[in-house]
Amino acid sequence: MKSQITNAISDFFFEYETPRQVLVRNRRVGVVCRLIQLGVLAYIIGWVFIYEKGYQSTDTAVSSVFTKMKGVGYTNVSGKERVWDVADYVFPSQGDSSFVVMTNYIITEGQQMGTCPELKGKHNCSSDADCEGGSFKRTGHGQMTGVCVNKTKTCEVLAWCPVEDDHTIPDPPLLMSAENYTLFIKNSVTFPLFGITRSNLVEGIDADYISTCLFHTEDAPLCPIFRLGDIVKLSGFSFETIAKVGGAIGIVVDWTCNFDVDVKRCKPKYNFHGLYGNPAETDKARASVGYNFRYAKHYMDGEIKKRTLLKVFGIRLDIIVQSLARKFDIIPTLTAIGSGVGIFGVATVVCDLVLLYLLPKREFYKNMKFKYTDTHMQQQDNESLGLDTGAYYSLEENAKQAQGTDKSKDPESEAASTETEK
């Protein structure tokens, strides 16, 4: 028993097993095998390494965005002249990565809290019974008092009076001068995995350059100052159309970098996308057109609290930073190579299927590939010789021991014994 355990341990540590290989000379199978291997090799080199950059690790950036608008607008409505600066037409205050630039508006001045008739079409009435006191209407301006105003045939409401009339949108837009406003974008990104920080104010962009440059897709693609009219045009919109009812535009700052080369070659690319809707689609085909919101400025007129209400139509600008950095890493490289080598096994599986099940000589190939043993027949042979299995293995073990004793006595017998075992 002890010798068996010793032999088993010795065989485990000092013996090596390798699969049996069968060389098949068949042109069709050989061509199929090489074509599959060639396809796998093309996949590994072309797709995994060249296209997908499987030899590199990747990282996305942590980013921050700072913005600043500049420009002055002028309006003349019913003889009232007004100059609009940045503090008047940018919502919210400057510095955010998402903000609105006002391009059109409806103004209602001198509103104060009181009772007044509702607008026509909001809540029409023929008698006081049609106006339920203390109730509200979702599209109305205030709380109904229960009185029907005969002059307008609408319900009286407790609200900021006079109520806003937004049925008519100014056309052309009141602030067409917004087309010449400029936007300055300052963006910095950090790739934590690689410990690299970059800014869109790359090498060569200094204070003198910024004071004179204006973004152009070919002449100045790295200039961080953009004309609002150019942004609208590059996003696929007509400025007059979007300025009238408002819209939304996405400015994408794309950082796609390869840190296997000089870090200075990591530079941003700017793309512009119309998020407001399909520019080719007619306005009548959409249920809700444009972008607008209301903004009120409160003030005191003597002892009376009043406000000026603005319904603002504007261009919403969303600055979106997307990033992907790559750098060589041995771990994904070895992983890609290992997976590719594993895929080479597909050729063996396909060729085995062809050999063993499709070719006319499949039985011959089966006999060459597989070695069959019949345990039942071996046991019958042992019984016919008057030996049971245990006795057979005992005799075999005794023979090995005797052979070993002979080897120790005759030095020249080792080579002959080794050759016999082989």
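Source: prediction; values computed, not measured.

Colleague: Looking at this structure, how should I read the overall build of the protein chain?
Modeller: When its secondary structure is counted, the protein chain shows 12 helices and 15 strands. In the protein chain, which comprises 422 residues, the share counted as buried stands at 32%. Taking the intrachain contacts of the protein chain between residues at least 6 apart in sequence as the baseline, contacts between residues at least 24 apart amount to 67%. As presented, the protein chain carries roughly 26,800 Å² of accessible surface, and 55% of it is formed by carbon and sulfur atoms.

Colleague: Help me out: how do you make sense of the state of the cysteines in this one?
Modeller: In protein chemistry, a disulfide is the covalent bond that joins the sulfur atoms of two cysteines. A full pass over the atoms with the stated rule returns five disulfides. Disulfide pairing is shown between Cys213 and Cys223; the S-S distance is 2.0 Å. For the disulfide bridge between Cys213 and Cys223, the dihedral angle about the S-S bond is near 70°, and by the sign convention the bridge is right-handed. Taken together, the residues span a long stretch of sequence, with Cys213 in the loop between helix 4 (207-212) and strand 11 (225-227) and Cys223 in the loop between helix 4 and strand 11 at a distance of 10 residues.

Colleague: Even after reading the chapter, I still don't get the packing of aromatic side chains, so can you show me in this structure?
Modeller: Any pair of aromatic rings gets described here by the distance separating the centres and the angle formed by the planes. Scanning all chains against the criterion turns up 14 aromatic pairs. With a centroid separation of 4.9 Å and an interplanar angle of 50°, the aromatic rings of Trp84 and Tyr105 are classed as tilted. Of this pair, Trp84 sits in strand 4 (residues 80-84) while Tyr105 sits in strand 6 (residues 98-117); the two residues are 21 residues apart in sequence, bridging distant segments of the chain. The class of Trp84 is buried, set by a relative accessible area of 0%. Relative to Tyr270, the ring of Phe226 lies with its centre 5.0 Å away and its plane at 75°, an arrangement referred to as edge-to-face. One end of the pair, Phe226, is in strand 11; the other, Tyr270, is in strand 13 (residues 269-274), with 44 residues separating them in the sequence. Of the two residues, Phe226 and Tyr270, neither departs from the other in class, the shared state being buried. Connected via pairs of aromatic rings, a cluster forms that spans Phe91, Tyr291, Phe293 and Tyr295. The residue whose ring lies beneath Arg82 is Trp84, and the NZ or CZ to ring-centre distance is 3.8 Å.

Colleague: Explain helix 2 (residues 27-51) to me, please; I cannot follow it from the model alone.
Modeller: Because each turn of an α-helix spans 3.6 residues, side chains separated by three or four positions in sequence point in the same direction. Compared with the 36 Å implied by 1.5 Å per residue over 25 residues, the 34 Å span of helix 2 between its first and last C-alpha is a close match. All of the buried residues along helix 2 are Val29, Cys33, Val40, Ile44, Val48 and Phe49. Where helix 2 begins, the side chain of Asn26 points an oxygen toward the backbone nitrogen of Arg28, at a separation of 3.1 Å. Looking one or two residues beyond helix 2, the residue adopting positive phi is Lys53, at roughly 50°.

Colleague: Could you clarify how one ought to interpret a nonpolar patch on the surface in this entry?
Modeller: Taken together, the side chains of Met1, Ile5, Ile9, Phe12, Phe13 and Phe14 present a nonpolar region at the surface, about 800 Å² in accessible area. Topologically, Phe14 is positioned in helix 1 (residues 2-14). By relative accessible area, which is 72% here, Phe14 ends up exposed.

Colleague: I would appreciate a short explanation of the environment of Ala248 in the present structure.
Modeller: With respect to the element layout, Ala248 can be found in strand 12 (residues 247-258). Non-local contacts of Ala248, meaning those with residues more than four positions away in its chain, are made with Phe237, Ile242, His273, Gly274, Leu275, Tyr276 and Arg316.

Colleague: How do you make sense of the packing of helix 8 (residues 345-357) against helix 9 (residues 362-369) when you look at a structure like this?
Modeller: Helix packing geometry: the angle between the two helix axes and the distance between the axes. Across the interface, helix 8 lies against helix 9 with an axial gap of 6 Å and an inter-helix angle of 120°. On the basis of their axis angle, the class for helix 8 and helix 9 is oblique. Contacts from Asp352, Leu355, Leu356 and Tyr357 in helix 8 reach Arg362, Tyr365, Lys366 and Lys369 in helix 9. Looking at the contact of helix 8 with helix 9 residue by residue, the classes come out as four nonpolar, no polar and four charged.

Colleague: For this particular structure, what's the right way to read the pattern of salt bridges?
Modeller: Once the charged atoms of two side chains with opposite charge are near each other, the side chains can pair. Applying the stated criterion to the full structure yields 11 salt bridges. Ionic pairing is found between Lys297 and Asp88, a salt bridge with its closest N-O pair at 3.9 Å. Of this pair, Lys297 sits in strand 14 (residues 292-301) while Asp88 sits in helix 3 (residues 86-89), and the two are 209 residues apart along the sequence. For Asp88, a relative accessible area of 18% corresponds to the buried category. With its nearest N and O atoms 2.9 Å apart, the salt bridge here joins Arg294 to Asp166. Remark: Asp166 occurs in the loop between strand 8 (154-161) and strand 9 (182-191) and Arg294 occurs in strand 14; sequence separation between them is 128 residues. Arg294 gets classed as partly exposed once you look at its relative accessible area, which sits at 44%. Residue Asp166 is classed as buried on the basis of its relative accessible area of 16%.

Colleague: Would you explain the pairing of strand 3 (residues 73-77) in this entry?
Modeller: Both faces of the sheet carry side chains from a regular strand, because those side chains alternate between them. Note: strand 3 against strand 4, five bridges, orientation antiparallel. Each bridged residue has a counterpart across the sheet, and for Thr75 the counterpart in strand 4 is Arg82. Between strand 3 and strand 4, which pair antiparallel and follow one another directly, the connecting turn spans two residues, one of which, Ser78, has a positive phi of 55°.

Colleague: Teacher, can you tell me more about the packing of helix 7 (residues 330-343) against helix 8 here?
Modeller: Packing of helix 7 against helix 8 leaves a shortest axis separation of 4 Å and a crossing angle of 10°. Classified by the angle their axes make, helix 7 and helix 8 are roughly parallel. Here Val341, Gly342 and Ile343 of helix 7 come into contact with helix 8, specifically with Gly345, Val346 and Ala347. Of the residues that constitute the contact of helix 7 with helix 8, the class distribution is four nonpolar, two polar and no charged.

Colleague: Just to check I follow, could you spell out the pairing of strand 14 for this structure?
Modeller: Looking at chain direction, strand 14 and strand 15 (residues 304-328) are connected through 10 bridges and run antiparallel. Within strand 15, the position partnered with Arg294 by the bridge is Lys311. Connecting strand 14 to the antiparallel partner strand 15 that follows it, the hairpin turn spans two residues, and Gly302 within it adopts a positive phi of roughly 70°.

Conventions adopted
- Residues numbered from 1 in each chain as written.
- Predicted model: local features only at pLDDT ≥ 70, side-chain atom pairs only at ≥ 80, totals over all residues.
- Heavy atoms only, no water.
- Helix = DSSP H or I, 4+ residues; strand = E, 2+ residues; numbered from the N terminus.
- Buried < 20%, exposed > 50% of the residue type's maximum accessible area, 1.4 Å probe, protein only.
- Contact = heavy atoms within 4.5 Å.
- Areas by Shrake-Rupley, 256 points an atom, 1.4 Å probe, with all protein chains shown as cover.
- Disulfide = S-S within 2.5 Å.
- Phe/Tyr/Trp six-rings, centres within 6.5 Å; stacked < 30°, edge-to-face > 60°.
- Lys NZ or Arg CZ within 6 Å of the ring centre and 35° of its normal.
- Expected span 1.5 Å × (residues − 1).
- Polar contact = N/O pair within 3.5 Å; in protein donor to acceptor, adjacent residues only side chain to side chain.
- Patch = residues over 30% accessible without salt bridge, like charges linked within 9 Å, V, L, I, M, F, W, Y side chains within 5 Å.
- Salt bridge = Lys/Arg side-chain N within 4 Å of Asp/Glu carboxyl O.
- Axes fitted to C-alpha atoms, helices over the stretch in contact; angles between N-to-C directions.
- Parallel < 35°, antiparallel > 145°, perpendicular 65-115°, else oblique.
- Nonpolar A, V, L, I, M, F, W, Y, C, P; charged D, E, K, R; others polar.
- Pairing = 2+ DSSP bridges.

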